[in-house]
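Each chain is listed here by its residues.
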Amino acid sequence: MEMAGRELAEAGSWDIGVRVFNFSAGPAMLPLPVLEQVRDELVEWQGGVSVMEVSHRGKDFLAVAERAEADLRELLAIPPGYRVLFMQGGATGQFSAVPLNLAHTGASADYIDTGHWSGRAIGEARRFVTVHIAADEAATNYSTAPAQSALNLTPDAAYVHYTPNETIGGVEFPYVPATGDVPLVADMSSTILSRPLDVARFGLIYACAQKNIGPSGVTIVIVREDLLGRARPGTPSVFDYRAFAEAGSMLNTPPTFGWYVAGLVLQWLQRQGGLAVMAGRNRAKAEALYSAIDASRFYSNPVARDCRSWMNVPFSLARPELEKAFLAESSAAGLTHLSGHRSVGGMRASIYNAMPAEGVAALVEFMRDFERRNG
Ligand SMILES: *Cc1c(COP(=O)(O)O)cnc(C)c1O
């Protein structure tokens, strides 16, 4: 008996005839069982309506919202004393919300610059606070993360901001910075839920959904309670953490469909066995891809070995003139969206939770074959 696609995907196996392996950095691949459930429930969800057609304040949607938060809390083992917010505005909205909420006018904040996304966070923060750069990896062309001992932290900073995983550069911190009494703020957009996390180390964690949580539209914020209620005057209510927390993330109409899909992804993660299981799978996928790259003279990855991302693997070809052929042929083989970010070019394979090991194995096989033919 053949297993249905859903069972195959649930069992960690895959039928490539149904869907391609999508290596997009974001919005990114979602687990097939989740998409199938969304499809099955799209028109008739509960009581003959779509989830998109009901009030966010009705009991049916409130149950969705509460379960999603409970699952997130369980998966990440979020300790008491933290609030979970389902906001909008993406990670980019948080680039402003963080300084607006955590730093009074005239304060300064420490930022660690490891590439594109930390640079974007810094640019936005400069509109609200004095930014002190605690480390800048420009000298290595953003192919490294600074060591703890290299961080030039200021004791009176309002907070320390960093980007644990640089989605474009493929650089991931191998440690959580120690910042003493200064709250640590992390943009976890492209690494949240990829492995267990010690939330207690952080003052605030934020992540847009479209990499590893669900469709774009939802932004998750996990914030320590003592950091609520500090928003500076003039902060828009939709970016005020305390106002948002007090309203149960329903200060205004939330992105209900995205919240619902994110909830299904969190349930899927629970069924997989939680984040320790996902960490094992993610580590194995990343190792398979990096060892294939390192074993070849045709492919290369620029990132220092101790801080290579498990989620985003940029690589280039020894013969860049073959990039177009690589992309066209890989796509024809069902391995899609492998082009690097428009700012850097080259290739990038994003291998978040929803990418099965089979997808990485198929990519490695394709890369070897392409090298044999062109190397
Ligand atoms: C994708 C991404 C962002 C941008 O998210 P938006 O939702 O588009 O604002 C910011 N930071 C990181 C690390 C990302 O991966």
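Going by the structure above, here's the rest.
Remember, it's a predicted structure, so these values are computed and weren't measured experimentally. (Residues numbered from 1 in each chain as written. Predicted model: local features only at pLDDT ≥ 70, side-chain atom pairs only at ≥ 80, totals over all residues. Heavy atoms only, no water.)

Visitor: Account for the sheet that holds strand β14 (residues 347-350), naming residues and giving values.
Guide: Strand order in the open sheet formed by three strands is β11-β12-β14, with antiparallel pairing between adjacent strands. One side of each edge strand has no neighbouring strand; the edge strands of this open sheet are β11 (299-300) and β14. Pairing geometry for β11 and strand β12 (residues 312-317), over two bridges, is antiparallel. Note that in β12 the partner of Tyr299 across the bridge is Leu317. (Pairing = 2+ DSSP bridges. Helix = DSSP H or I, 4+ residues; strand = E, 2+ residues; numbered from the N terminus.)

Visitor: Which residues make up the packing of aromatic side chains, and what values do they have?
Guide: Within the structure shown, the criterion is met by 17 aromatic pairs. Relative to Trp259, the ring of Phe61 has its centre 5.8 Å away and its plane inclined at 85°; by these criteria the two rings are edge-to-face. Of this pair, Phe61 sits in helix α3 (residues 59-76) while Trp259 sits in helix α7 (residues 256-272), and the two are 198 residues apart along the sequence. This pair shows no difference in class: Phe61 is buried, exactly as Trp259 is. Centroid distance Tyr162 to Phe173: 4.8 Å. Interplanar angle 80°. Geometry classified as edge-to-face. Separated by 11 residues along the polypeptide, Tyr162 in strand β5 (residues 160-162) and Phe173 in the loop between β7 (171-172) and β8 (184-187) bring together distant segments of the chain. Its relative accessible area of 1% is what places Tyr162 among the buried residues. Feature note: the residues Phe298, Tyr299, Phe315, Phe326, Phe366 and Phe370 constitute an aromatic cluster, connected by ring pairs. Positioned above the aromatic ring of Trp310, the side-chain terminus of Arg195 is 4.0 Å from the ring centre. (Phe/Tyr/Trp six-rings, centres within 6.5 Å; stacked < 30°, edge-to-face > 60°. Buried < 20%, exposed > 50% of the residue type's maximum accessible area, 1.4 Å probe, protein only. Lys NZ or Arg CZ within 6 Å of the ring centre and 35° of its normal.)

Visitor: Explain the nonpolar core to me, and be specific about the residues and the numbers.
Guide: Membership of the largest hydrophobic core comes to 55 residues, with the highest contact counts inside it found for Leu72, Leu76, Ile192, Leu193 and Ile222. Here this core takes nine residues from α7, the largest share from any one element. Three or more residues apiece are contributed to this core by two domains, here domain 1 (6-23 + 274-374) and domain 2 (51-271). Filtering out sequence-adjacent residues up to four positions away, Leu193 remains in contact with Leu72, Leu75, Leu76, Asn212, Ile213, Leu266, Leu269, Leu275, Met278 and Asn353. Residues Phe21, Leu317, Phe326 and Val364 belong to the second largest nonpolar core, which totals 34 residues. (Core = buried A, V, L, I, M, F, W, Y, C linked by side-chain atoms within 4.5 Å. Domains from an automatic or database assignment. Contact = heavy atoms within 4.5 Å.)

Visitor: An account of the site of the ligand is requested, with residue identities and associated values reported.
Guide: Contacts to the ligand come from 14 residues, most closely from Thr92, Thr167, Asp187, Gln210 and Lys211. One of the backbone N or O atoms of Ala91 is found 3.2 Å from an oxygen atom in the ligand. Between the ligand and Thr167, the relevant distance is 2.4 Å, taken from an oxygen atom to a side-chain nitrogen or oxygen of the residue. Protein contacts shield 87% of the accessible area of the ligand, which totals 390 Å² for the unbound molecule. Ranked by residue count, the leading element in the shell around the ligand is helix α4 (residues 90-102), at four residues. Residues of the shell around the ligand, tallied by class, amount to four nonpolar, eight polar and two charged. (Near = heavy atom within 4 Å. Polar contact = N/O pair within 3.5 Å; in protein donor to acceptor, adjacent residues only side chain to side chain. Areas by Shrake-Rupley, 256 points an atom, 1.4 Å probe, with all protein chains shown as cover. Nonpolar A, V, L, I, M, F, W, Y, C, P; charged D, E, K, R; others polar.)

Visitor: Please set out the packing of α4 against helix α5 (residues 116-125) residue by residue, giving values where relevant.
Guide: As a packed pair, α4 and α5 sit with axes 8 Å apart at the nearest point and diverge in direction by 50°. The orientation of α4 with respect to α5, classified from their angle, is oblique. Of the two elements, α4 crosses α5, and the hand of that crossing is right-handed. In contact with Phe95, Ser96 and Pro99 of α4, α5 contributes Trp117, Arg120, Ala121, Glu124 and Ala125. Here the contact of α4 with α5 is built from residues that sort into five nonpolar, one polar and two charged. (Axes fitted to C-alpha atoms, helices over the stretch in contact; angles between N-to-C directions. Parallel < 35°, antiparallel > 145°, perpendicular 65-115°, else oblique. Left-handed = near helix turned anticlockwise from the far one by under 90°.)

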